[in-house]
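Examination of the molecular architecture
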Amino acid sequence: MIRFESVTKRYPDGTTAVDDLSLEVPRGGITVFVGPSGCGKTTSLRMINRMVEPTEGRILINDEDVADRKPARLRRSIGYVIQHAGLFPHRTVLANVMTVPTLIGWDKGRARTAAMEAIEKVGLTADQASRYPAQLSGGQQQRVGVARALASDPEVVLMDEPFSAVDPLVRTDLQNEVRRLQRELGITVVLVTHDIDEAISLGDHVAVMRQGGHLAQLASPGELLTEPADDFVASFVGKDRGYRKLGFTETQVEADPERTVSLGEDVPAGRGWVLVADEQEQPLGWVDRQGSGGPVQEEELHRMGSLAEVGDSARVFLDAALSAPSGRGVVVQDGRVVGTVTPERVLEAIRAQGGSDG
Amino acid sequence: MIGGVAWSTVGDLLLRHIYLAGVPLLLGLLISLPLGWLATRYRWLAPPMIAGTGLLYTIPSLALFILLPLLLGTRVLDDANVLVAMTLYSVALLTRTVADGLGSVPGATRQAATAMGYGELRRTFVVDLPLAVPVITAGLRVAAVSNVSIVSVAALIGVSQLGQLFTEGFNRNDMGPIFVGIGACVVLALVLDAGIALLSRVLTPWLRAGVAR
């Protein structure tokens, strides 16, 4: 869909930002350019919409050389999300999102309708549409940035470090949102980040780049973790890549049945860790009934570990098992307890799988 | 009558003063906009341009009023001399202001505008200039007050405006017209200053929107 053919960007002072880059961004899905600073990832991204012109080589979108198109027109056909959102502070949220529809000549009514739809898509309200950017939080502003990029239904959306300036909780929200929108709209997203965790959790395809603008490896996240192409990729992907790879291992872990008790129920001593749930079988916490028995009080509940949802990756299952005080990870389906798994159970399942699928 | 000067005379001189100070202010802004834009667009142009226009301000006004008829071929009493001189002073103050204003637009905003598909000229008018309004109007207020003050010197070459009250008072050894002139100048400067401040507020509604979530 987007093809780099021997693209080189050299600056007048002699520095080479991108060196003979050839790669293909497949249609649909999220392709992430990741690498340390100075690896040319942002320069590569900006060459797609001609914010930067290559010194050599060419870039094709749908087999059409971008150099043959007028820069401003080309840019209007490609969504762009910038770091810090880069919203127009003097325009309301609605007017910001209407920018590209207006530039491509849609009449006001159509531009407005499209903008309102985009604003709703990213989870903002009509009430927020009439605010100025400064009246929104950082995370909300970045949502507006995403809405602005989507308003004219572009096929391709470029994102330049879109989440690096927001706090970690909001970042996870935004990542999920972008993933959901990509799936829903079937667009092709090219995203630049320096954060390998973000690249692996968000990307369908990850292009790891190294200093001097070389492509080190282009692969799926699972493959990147299993078979890094060289030492650079292996060290960039990180030491705990074996554990992280589990995040891409879809494993059938059979949950063991777990009898739950309800609050107030009398549980005799010697039962050990007991899982407490409400009437809807939603887990509440663990209670220790090893040394002493008696009715279960709300105050004695121990916090639960992480929950694994049926169908989650082996990493989630293992984390659930390791984080539970009882050593048994709680498995739920639609919020109801299905059973529990021990770490051994998860490891057995991984071993049965051969442990190397990606 | 006030201070020995007829109200109607004060009114006439005030209108002249507004004309001679105000028109150059607007002309100066119109000339400074492209100059300031050039200075931000081509970085190497900024130092010579800002130093050069700034230097204009150091030319004594009386010298300029006397020199301009020779340079322009105008008559000594022609209003054009004063209008041109005051425009030069306005440009001197406003070129830097416009460059600073355009330079104050956040880089991310500018880049986003380009990435959305704005051409450079369109971006300057619909993104950069509106965002530069607070800085430009601040400079405009200084230039307006400065113009009101400097233009009174033109009374020495016989171009009538409020400054004429100073020469008259001096010649007649009468403090009345001088005080009236000073008072009128101060009031005019305050009104212009407040007017531009108000204009700036009207043009920048986003700066006063509360931070309600």
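Here the structure is a predicted model, which means the values were calculated and not measured.

1. Regarding the overall build of chain B
If you tally the helices and strands in chain B, you get 8 helices and 0 strands. Secondary structure elements of chain B, listed N to C terminal, follow the sequence α-α-α-α-α-α-α-α. Each principal axis of the C-alpha distribution contributes one length, and for chain B these read about 65 × 45 × 20 Å. For chain B, the proportion of its 213 residues judged to be buried stands at 39%. Across chain B, every contact between residues at least 6 apart in sequence was considered, and the portion connecting residues at least 24 apart equals 72%.

2. Quick word on the overall build of chain A
Counting secondary structure elements, chain A contains 14 helices and 18 strands. With the principal axes as the frame, chain A shows a C-alpha extent of 80 × 50 × 30 Å. Contacts in chain A between residues far apart in sequence, at least 24 positions, make up 60% of those at least 6 positions apart.

3. Section: the sheet that holds strand β14 (residues 283–289) of chain A
All names here are of chain A. Reading across the sheet, the 3 strands line up as β11-β13-β14 and stay open at both edges, with mixed pairing between neighbours. Taken across any chain shown, the strands that pair with only one partner, and hence form the sheet edges, are β11 (260–261) and β14. Of the strand pairs in this sheet, strand β13 (residues 272–277) and β14 are connected by 6 bridges, and their pairing is antiparallel. Residue Leu275 lies in a different strand from β14, and its bridge partner there is Trp286.

4. Focus on the nonpolar core
Burial of nonpolar side chains together is a common tendency in soluble globular proteins. Residue and element names in this part refer to chain A. In terms of nonpolar packing, the biggest core is built from 124 residues, with Val97 and Ala147 touching the most fellow members. Those residues within four positions of Ala147 in sequence are excluded, and the remaining contacts are Val97, Ala118, Ile119, Lys121, Val122 and Leu124. Counting residues in each nonpolar core, the second largest holds 23 residues, with Ala255, Val296, Ala314 and Ala324 among its members.

5. A few points about the packing of helix α13 (residues 314–323) of chain A against helix α14 (residues 343–353) of chain A
Residues and elements named next belong to chain A. Closest axis-to-axis distance for the α13/α14 pair is 8 Å, and the angle between their directions is 160 degrees. Taken together, the axis directions place α13 and α14 in an arrangement best described as roughly antiparallel. Relative to α14, the crossing made by α13 is left-handed. Side by side, α13 and α14 meet where Ala314, Phe317, Leu318, Ala321 and Leu322 of the first sit next to Pro343, Val346, Ala349 and Ile350 of the second. Here the contact of α13 with α14 is composed, by residue class, of 9 nonpolar, no polar and no charged.

6. Comments concerning unusual backbone geometry
Both trends apply: most residues other than glycine have a negative phi, and most peptide bonds are in trans. Residues and elements named next belong to chain A. In this structure, Asn62 takes a positive phi of about 50 degrees despite not being glycine. If you trace the backbone, Asn62 turns up in the loop between β4 (56–61) and β5 (64–65). Of the residues examined, Asn62 has 10 C-beta atoms within 10 Å and is grouped as exposed. Positioned with a positive phi, Ala85 is a non-glycine residue whose angle comes to about 70 degrees.

7. Regarding the packing of helix α1 (residues 7–41) of chain B against helix α4 (residues 79–103) of chain B
All names here are of chain B. Running from N to C, α1 and α4 point in directions that differ by 40 degrees, and their axes come no closer than 6 Å. Viewed along their axes, α1 and α4 adopt a mutual orientation that is oblique. For the pair α1 and α4, the crossing hand works out as right-handed. Of the residues belonging to the contact of α1 with α4, the class tally is 20 nonpolar, 8 polar and 1 charged.

8. Let's talk about the pairing of β13 of chain A
Residue and element names in this part refer to chain A. Pairing geometry for β11 and β13, over 2 bridges, is parallel. Note that in β13 the partner of Thr260 across the bridge is Leu275. A loop of 5 residues connects β13 with β14, the two strands running antiparallel in sequence, and Glu281 in this loop sits at a positive phi of about 65 degrees.

9. Remarks on the sheet that holds strand β1 (residues 2–10) of chain A
The 4 strands lie next to each other as β2-β1-β4-β5 (chain A), forming an open sheet whose pairing is antiparallel. What marks the edges here is a single partner per strand, and that holds for β2 (16–25) and β5 of chain A.

10. A look at the interface of chain A and chain B
A common way to express how large an interface is: the accessible area buried when the components associate. Opposite the 21 residues of chain A that make contact, chain B presents 18 residues. Counting residues per element, the ones that place at least two in the side of chain A that touches chain B are α2 (71–76) and α4 (99–103) of chain A. Residue contributions to the side of chain A that touches chain B peak at 4 residues, all from α2 of chain A. Each residue belonging to the side of chain A that touches chain B can be placed in one class, and the counts come to 10 nonpolar, 8 polar and 3 charged.

11. Overview of the domain arrangement of chain A
Taken domain by domain, chain A holds domain 1 (2–242) and domain 2 (260–353). Summarising the inter-unit geometry, the C-alpha centres of domain 1 of chain A and domain 2 of chain A are found 40 Å apart.

Rules and cut-offs
Residues numbered from 1 in each chain as written. Chains lettered and ligands numbered in written order. Predicted model: local features only at pLDDT ≥ 70, side-chain atom pairs only at ≥ 80, totals over all residues. Helix = DSSP H or I, 4+ residues; strand = E, 2+ residues; numbered from the N terminus. Buried ≥ 20, exposed ≤ 12 C-beta atoms within 10 Å, placed from the backbone. Contact = placed C-beta atoms within 7 Å. Pairing = 2+ DSSP bridges. Core = buried A, V, L, I, M, F, W, Y, C linked by C-beta atoms within 7 Å. Axes fitted to C-alpha atoms, helices over the stretch in contact; angles between N-to-C directions. Parallel < 35°, antiparallel > 145°, perpendicular 65-115°, else oblique. Left-handed = near helix turned anticlockwise from the far one by under 90°. Nonpolar A, V, L, I, M, F, W, Y, C, P; charged D, E, K, R; others polar. Domains from an automatic or database assignment.

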